[in-house]
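# A structural walkthrough
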Amino acid sequence: PVSGADGFIEVPCGFGVGATGGSWFRDYDDAFQEGYANGVWTGITDEGWDRSPYFDTKVFDLFLEVADRW
């Protein structure tokens, strides 16, 4: 679910210390080891939900713009 207050996505995964900065993937394919990054672990709520800013089309557009410069 997306938090209405700040637009972060939240999942009850229970990541622990050291998970900060880890990528969140959507539609991950184990066979090809690829998927779509749609967030990055940034913290945990008091209720134990892991949180990430949501990578929407604006983030994807930024990625494409930067990738074109490499």
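Let us look at the structure shown here. (Residues numbered from 1 in each chain as written. Predicted model: local features only at pLDDT ≥ 70, side-chain atom pairs only at ≥ 80, totals over all residues. Heavy atoms only, no water.)

Secondary structure assignment for the protein chain yields 1 helix and 5 strands. Secondary structure of the protein chain in N-to-C order comes out as β-β-β-β-β-α. Counting only C-alpha atoms, the protein chain reaches 40 × 30 × 20 Å along its principal axes. Residue burial in the protein chain is summarised as follows: out of 70 residues, 19% are buried. Pairs at least 24 apart in sequence give 36% of the contacts found in the protein chain among residues at least 6 apart. On the protein chain, roughly 5,500 Å² of surface is accessible, and the fraction owed to carbon and sulfur atoms is 57%. (Helix = DSSP H or I, 4+ residues; strand = E, 2+ residues; numbered from the N terminus. Buried < 20%, exposed > 50% of the residue type's maximum accessible area, 1.4 Å probe, protein only. Contact = heavy atoms within 4.5 Å. Areas by Shrake-Rupley, 256 points an atom, 1.4 Å probe, with all protein chains shown as cover.)

Looking now at the environment of Asp 6. With respect to the element layout, Asp 6 can be found in the segment before β1 (8–11). Exposure remark for Asp 6: the relative accessible area of 39% places this residue in the partly exposed category. With 13 residues separating them along the chain, Asp 6 and Ala 19 place their C-alpha atoms 21 Å apart.

On to the side chain of Ser 52, then. Relative to the helices and strands, Ser 52 resides in strand β5 (residues 50–53). Residue classification places Ser 52 among the buried positions, given a relative accessible area of 0%.

Turning next to a nonpolar patch on the surface. A cluster of nonpolar residues, Phe 60, Phe 63 and Leu 64, forms a patch on the protein surface that exposes about 310 Å² of accessible area. Residue placement: Leu 64 occurs in helix α1 (residues 57–68). (Patch = residues over 30% accessible without salt bridge, like charges linked within 9 Å, V, L, I, M, F, W, Y side chains within 5 Å. Salt bridge = Lys/Arg side-chain N within 4 Å of Asp/Glu carboxyl O.)

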